[in-house]
Every structure is written in C-alpha cells, then in structure tokens.
Amino acid sequence: MDKQAVVVLFGGRSSEHSISSATAGGVLHAIDRERYDVIPVGITRDGAFVLEDDDPAKFPLDAAHLPEVVDNGTRVQWPEPGGDRTLRVTRAGGEVESLGLVDAVLPLLHGPHGEDGTLQGYFDTIGLPYAGGGVLDSALCMDKHFMKIALQAAGIPVAPWITVRQRDWAGDPEGIRARVLALGSPLFVKPARAGSSVGVSKVADPADPAELDAALALAFAEDDKVLVETGVSGREIEVAVLEGADGPRASVPGEIVLTDRGFYDFEGKYLGGDGVDVVCPAELTDAEIATIRDAGVRAFEAVDGRGLARVDMFLTADGGIVVNELNTMPGFTPISMFPKCWIASGLSYRDLITELIEAGLRR
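Residues numbered from 1 in each chain as written. Predicted model: local features only at pLDDT ≥ 70, side-chain atom pairs only at ≥ 80, totals over all residues. Heavy atoms only, no water.

Engineer: I keep staring at the pattern of salt bridges and nothing clicks. Help me out?
Structural biologist: Any two side chains of opposite charge can pair if their charged atoms end up close together. Evaluated as defined, the whole model comprises 21 salt bridges. Ionic pairing is found between Asp71 and Arg75, a salt bridge with its closest N-O pair at 2.9 Å. A residue is classified by how much of its surface remains accessible, and Asp71, at 42% relative accessible area, is partly exposed. For Arg91, the salt bridge is made with Glu97, and the minimal N-O distance between the two is 3.0 Å. Each of the salt bridges in this network shares a partner with another, and the network as a whole consists of Glu52, Asp53 and Lys58. (Salt bridge = Lys/Arg side-chain N within 4 Å of Asp/Glu carboxyl O. Buried < 20%, exposed > 50% of the residue type's maximum accessible area, 1.4 Å probe, protein only.)

Engineer: Sorry if this is basic, but what is going on with the side chain of Asp143 here?
Structural biologist: Relative to the elements of secondary structure, Asp143 occurs in the loop between α3 (135-142) and α4 (144-153). Separated by 3.1 Å, the side chain of Asp143 and the backbone nitrogen of His145 make a polar contact. Contact partners of Asp143, with chain neighbours within four places excluded, come to Ala192, Arg193 and Lys225. (Helix = DSSP H or I, 4+ residues; strand = E, 2+ residues; numbered from the N terminus. Polar contact = N/O pair within 3.5 Å; in protein donor to acceptor, adjacent residues only side chain to side chain. Contact = heavy atoms within 4.5 Å.)

Engineer: What is the right way to look at the pairing of strand β14 (residues 254-258) in this model?
Structural biologist: Across a regular strand the side chains alternate sides, sitting on one face of the sheet and then on the other. Pairing of strand β12 (residues 235-244) with β14, which is carried by three bridges, proceeds in the antiparallel orientation. In the strand pairing of β14, Glu236 is matched with Ile256. Note: β14 against strand β15 (residues 276-279), four bridges, orientation antiparallel. Across the sheet, the residue bridging to Glu255 is Val279, located in β15. (Pairing = 2+ DSSP bridges.)

Engineer: Quick question: what am I supposed to make of the packing of helix α1 (residues 17-30) against helix α11 (residues 349-362) here?
Structural biologist: Any two packed helices are characterised by how steeply their axes cross, that is the angle between the axes, and by the distance between the axes. At a minimum axis distance of 9 Å, the contact between α1 and α11 shows a crossing angle of 100 degrees. The orientation of α1 with respect to α11, classified from their angle, is roughly perpendicular. Contacts from Thr23, Gly26, Val27, His29 and Ala30 in α1 reach Tyr349, Arg350 and Ile353 in α11. (Axes fitted to C-alpha atoms, helices over the stretch in contact; angles between N-to-C directions. Parallel < 35°, antiparallel > 145°, perpendicular 65-115°, else oblique.)

Engineer: Teacher, can you tell me more about the sheet that holds strand β9 (residues 187-191) here?
Structural biologist: Paired through their backbone hydrogen bonds, the strands of a sheet run either parallel or antiparallel. Judged by pairing direction, the sheet is antiparallel, and its four strands sit side by side in the order β8-β11-β9-β10 without closing on themselves. Two strands lie at the open edges of the sheet, namely β8 (161-165) and β10 (201-203), each paired on one side alone. Between one strand and the next, the sheet's axes are offset by a mean angle of 25 degrees, whatever the strand orientation. Summarising the sheet, β9 and strand β11 (residues 225-230) pair through five bridges and their orientation is antiparallel. Note on β11: the bridge partner recorded for Phe188 is Glu229. Lying on the sheet, helix α7 (residues 209-220) is in contact with β8, β9, β10 and β11; it crosses β9 at an angle near 25 degrees.

Here it is as structure tokens:
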C-alpha cells in the first residue's frame, strides 16, 4: 500500500500554543510511519506557517520549558483551490521546493485561529481533507455561550449561567453583580472562547467584590465575552467520542479526581500538578456508564459533531448528568484524558491517530 502524506499542523496564535506543540510531539512519536509520510508544519505565535523539524523530542511536555514554534524563515505554501494538492515551501534563502502531494491535514491546534472553525473553513475552501471537527461544530464548541444554547435545545442539561460582555461590565457593574449573585455559589468564571482552563477562576464568595473583580479581569484578558456559571456538585466525568464510518461512538468514561486542588486547572491538566488524578476507566456502575456514554454521543450530535470530541460532564448524587462542555480538539499529551480513555477502551494511541486521519479522508 502506498503511503499517504499527512500534514501534522500545530502551534498557533492562541494562548494554548505550547500545549498544541507538546501534543504534536506525542503525535509525531506515535503516528504510524509505515502508513503515513509526515510533514510537520508549525504556526508561529505571529501566525506564520513554517516547515518544522520531524523531531518529537523537540516538543516535550516539560513544565520548566514549554515548547513553541519558532520562525525559522521558511514559509509553507498551501495548494491552490482546484489544483493537485501540492504543498510547497519557500526556504529562508528564497528557494521554492515541492514537498509533494498532500492527502490530509491533522490539525492539533487549540483555541482561536485553529479550533474555532476558521482554519477548517480555509481547508474546505481549498479542498484539502482534514481530520477532526468541521466548521460548525468547531465554532459552536469554541464559544461556550452558543454551545450551551445548542445543548439546551437538544434537551441536555447544562449548568445555569449568564454571559457578560466587557462593555456591559464596564457600563453596569452593579447590575451584573446582582445577576451574578442570583446564580448562587460557588461560581466559575471563564472566557467564552478559550480552552485548557486558561483564564478560568473559581469564585467561592461572589458577594466579595474583590474576588469577582479579579476573576472577571483574568477572564477578560483572554476574551471580551465571559461566562459566569453555577458550580455543579458532582463527580467530574469525561468521555471521548469518535466519529466512525457507522456514526459516533463513546469510550469508557474517565474521572477527574481532585484531592487537593480547587478545580481542574491548566497545571493539573498539562503539567502533572499535585492534587489531581486522571482516572480511566472511572469506577462506575454499568447503568452509569451507559448513561454517560449515551449523553456523550447525544451532546456530540447536538453540535453536529465531526471527527472527535471530549465531552466533559458532572455526575450528580442523584445519578443525573450535567454537561459542562465539548472540546473538538482535546489534548493528546501523554497525560491527557482523551487518549487514555480510548486506550482503556482497547484502541491504542497509534490506532487512534489512524482512525482520526481516516475519518477525515472519508469526509
């Protein structure tokens, strides 16, 4: 069988640049080299597409030195619409070199300008197959406000919330405070369009102006649109969803167990911070597992899911499900929940990557 050429695309302009780069390190190490020829393309923090080194060790997940894509002077030229899908690179000295025909792109981008449907729309426009979410589900799930609306419309429970725009906070802070207090406590304040828990705060006492002000300031630094939502009491459950040839299916569920941490923050997710355990499979009854997997697939379908998603939810004391969010490009780092859940379900990391690429090629 002839190998297919796959562009592994990572980095990007968002605050999750380093996490995307570390994810690429894991994928470059694990991808099936007997099946795919790999072309690593990085996006610098300024948005330049550069030809990167095919070296997994260059992009480690290291708390002391988070990896990033550095501008090396090259510029990747994507195929023209209606052309033959030839990828080219302009070298630092000005020479143009063909990198051959590209069969598909595997985007490993988190956050705006990569996970929000913009890049997916570009690849649709030039007719280049890609793995993962499409334009609609990527855009919906990047914006937590509209994601919640879509889930509610499908009858899927979500936590009560209000959406606060920066101009509204500046113009009527007391009115916003009154609406926030009506949500109860504790609360979570989060940017509407960011991920990896960047800019997220837990507010234990919403009546304390300093605590709420600090949380909103942190979130507004990421986005001018912020969600304030009621904290849900329950077990933090995550389930991985894949789109197969016969439709979406869910993995066995995993659980985030907080032993000494206020919530599952950036450090706990990616840097192996103390006080949090990622457990997969979670200790659940057969009935709970069935309910969670069904909720994961329903949530995926509610946002017109494509490719993959990690569905985060709470399992309440009465056995109910409250969906927190969907991530259309969840972390693929060695300690991330998404690959762990599929490995626990019998699908290896390598085969998981293959299935994602093949789903993109089918579309």
